[in-house]
Amino acid sequence: MFGLKHRKRERIRSLPFPDKWQKILEKNIAYYHHLSSEDQAELRGHIQIFLHEKQFEGLNGFEITDEIKVTITAQACILLLHRDTDYYPTLYTILIYPHPFFSNIRQNLSGGIVAEGEQGRLGESWYRGPVILSWDDVSRSAHDHNDGHNVVFHEFAHQLDSESGANDGAPPLPGRSTYIAWARVLGEEYQELLDDLRHNHKSDIDSYGATNPAEFFAVVTEYFFERPIQLKKRHPELYEQFKNFYKLDTEAIMLTDTKK
């Protein structure tokens, strides 16, 4: 079964990459221009497989186009470069709103109080369910690759996290010693962020990362890809953990690109 899936994927990967998709990549994905030619070729192969296996649906009458699919897929697949991957195996559908949307939330507060209401969203990722995105924010994120925020990186980081069986900020890692190092570094950095917010100290890590360890992992993923030079300078151990997990030296990618 797995051999058949692998052969099918290799066949899809070997197909010519459509010129239309290439133009979308070059026009919409700022990060694409930072990658080496080898990484660009790997990314194109991932895009072909992802688009063959996943479904896109527009919400509120939103029409799905090749531009939308390729722009989202390219960013999702940047997270897969250099890694053994099964292409987000529990994800089958990506749902797209044209604009930010509202989602019902339920929060357990202190004293046994439960708060319910609607909250504006740019994206959501469901465990063993769909990814939901706002196209406005996907497009903005794709074009601005160094503001530290990318809704596709964020939501697909949650998908990677869930491959361990839970959304808890600890994605699948190779071996017990790796988990120990991951838990120590991310635990310390997460606690530091909580302390900064508690004492009204400014942090370079977005405060949304303090929501819980899963959001911390997703927020730092955005930081790792979009502002790696700053992340390595200010949080070197955290940078190394993400470099080892994603198998990319994003600081070197950015520094090499600035020298071109």
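Residues numbered from 1 in each chain as written. Predicted model: local features only at pLDDT ≥ 70, side-chain atom pairs only at ≥ 80, totals over all residues. Heavy atoms only, no water.

**Considering the overall build of the protein chain**
Scanning the protein chain for helices and strands turns up 11 helices and 6 strands. Counting every position in the protein chain, which comprises 260 residues, the buried fraction comes to 47%. Partitioning the intrachain contacts of the protein chain with sequence separation of at least 6 by distance along the chain shows that 64% fall at a separation of at least 24. Summed over all atoms, the accessible surface of the protein chain reaches about 13,300 Å², with 51% contributed by carbon and sulfur. (Helix = DSSP H or I, 4+ residues; strand = E, 2+ residues; numbered from the N terminus. Buried < 20%, exposed > 50% of the residue type's maximum accessible area, 1.4 Å probe, protein only. Contact = heavy atoms within 4.5 Å. Areas by Shrake-Rupley, 256 points an atom, 1.4 Å probe, with all protein chains shown as cover.)

**Comments concerning the packing of aromatic side chains**
Taken as a whole and judged by the stated rule, the model has 21 aromatic pairs. Seen in terms of ring centroids, tyrosine 190 and phenylalanine 216 are 5.7 Å apart; in terms of plane orientation they differ by 70 degrees. Their pairing is edge-to-face. Here tyrosine 190, found in helix 7 (residues 176–198), pairs with phenylalanine 216, found in helix 8 (residues 213–226); they are 26 residues apart in sequence, far enough to count as distant. Here tyrosine 190 matches phenylalanine 216 in class, with each residue buried. Counting every residue linked through ring pairs, the aromatic cluster contains Tyr31, Phe153, Trp182, Phe217, Phe224, Phe225, Tyr239, Phe242, Phe245 and Tyr246. Over the face of the ring belonging to phenylalanine 50 we find lysine 54, whose NZ or CZ atom lies 6.0 Å from the ring centre. Note that arginine 83 overlies the ring of phenylalanine 245, its terminal NZ or CZ placed 4.4 Å from the centroid. (Phe/Tyr/Trp six-rings, centres within 6.5 Å; stacked < 30°, edge-to-face > 60°. Lys NZ or Arg CZ within 6 Å of the ring centre and 35° of its normal.)

**Let's talk about the packing of helix 6 (residues 151–162) against helix 8**
Two elements in contact, helix 6 and helix 8, have axes whose closest approach is 8 Å; the angle formed by their N-to-C orientations is 130 degrees. On the basis of their axis angle, the class for helix 6 and helix 8 is oblique. Like other packed secondary-structure pairs, helix 6 and helix 8 cross with a definite hand, here right-handed. Between helix 6 and helix 8, the residues in contact are Val151, Phe153, His154, Ala157, His158 and Asp161 and Ala214, Glu215, Phe217, Ala218, Val219, Thr221, Glu222, Phe225 and Glu226, respectively. When its residues are assigned to classes, the contact of helix 6 with helix 8 shows 8 nonpolar, 3 polar and 4 charged. (Axes fitted to C-alpha atoms, helices over the stretch in contact; angles between N-to-C directions. Parallel < 35°, antiparallel > 145°, perpendicular 65-115°, else oblique. Left-handed = near helix turned anticlockwise from the far one by under 90°. Nonpolar A, V, L, I, M, F, W, Y, C, P; charged D, E, K, R; others polar.)

**Topic: the pattern of salt bridges**
Inspection of every chain in the model, using the stated rule, returns 13 salt bridges. Between lysine 20 and aspartate 66 there is a salt bridge, and its shortest N-O distance comes to 3.6 Å. Of this pair, lysine 20 sits in helix 2 (residues 19–28) while aspartate 66 sits in helix 4 (residues 66–78), placing them 46 residues apart in sequence. (Salt bridge = Lys/Arg side-chain N within 4 Å of Asp/Glu carboxyl O.)

**Side note on the environment of serine 14**
Within the element layout of this structure, serine 14 appears in the loop between helix 1 (2–13) and helix 2. Sequence separation between serine 14 and arginine 44 is 30 residues; the distance between their C-alpha atoms is 9.9 Å.

**Structural notes on the packing of helix 8 against helix 10 (residues 236–246)**
As a packed pair, helix 8 and helix 10 sit with axes 11 Å apart at the nearest point and diverge in direction by 85 degrees. Compared by their axis directions, helix 8 and helix 10 come out roughly perpendicular. In this structure, helix 8 uses Phe216, Phe217, Val220, Thr221, Phe224 and Phe225 to contact helix 10, whose residues at the interface are Leu238, Tyr239, Phe242, Lys243, Phe245 and Tyr246. For the contact of helix 8 with helix 10, the residue count by class is 10 nonpolar, 1 polar and 1 charged.

**Points about the pairing of strand 2 (residues 93–97)**
Within strand 2, 4 of the 5 residues are buried, leaving the element largely enclosed by the surrounding structure. Here 4 bridges tie strand 1 (residues 55–58) to strand 2, and the two strands are oriented parallel to one another. Each bridged residue has a counterpart across the sheet, and for glutamate 57 the counterpart in strand 2 is leucine 95. Regarding topology, helix 4 serves as the crossover connection from strand 1 to the parallel strand 2, and that connection is left-handed. Bridge count for strand 2 against strand 6 (residues 131–134) is 4 bridges, and the pairing is parallel. For isoleucine 96, the partnering residue across the bridge sits in strand 6 and is leucine 133. (Pairing = 2+ DSSP bridges. Right-handed = clockwise from strand over helix to strand, strands pointing away.)

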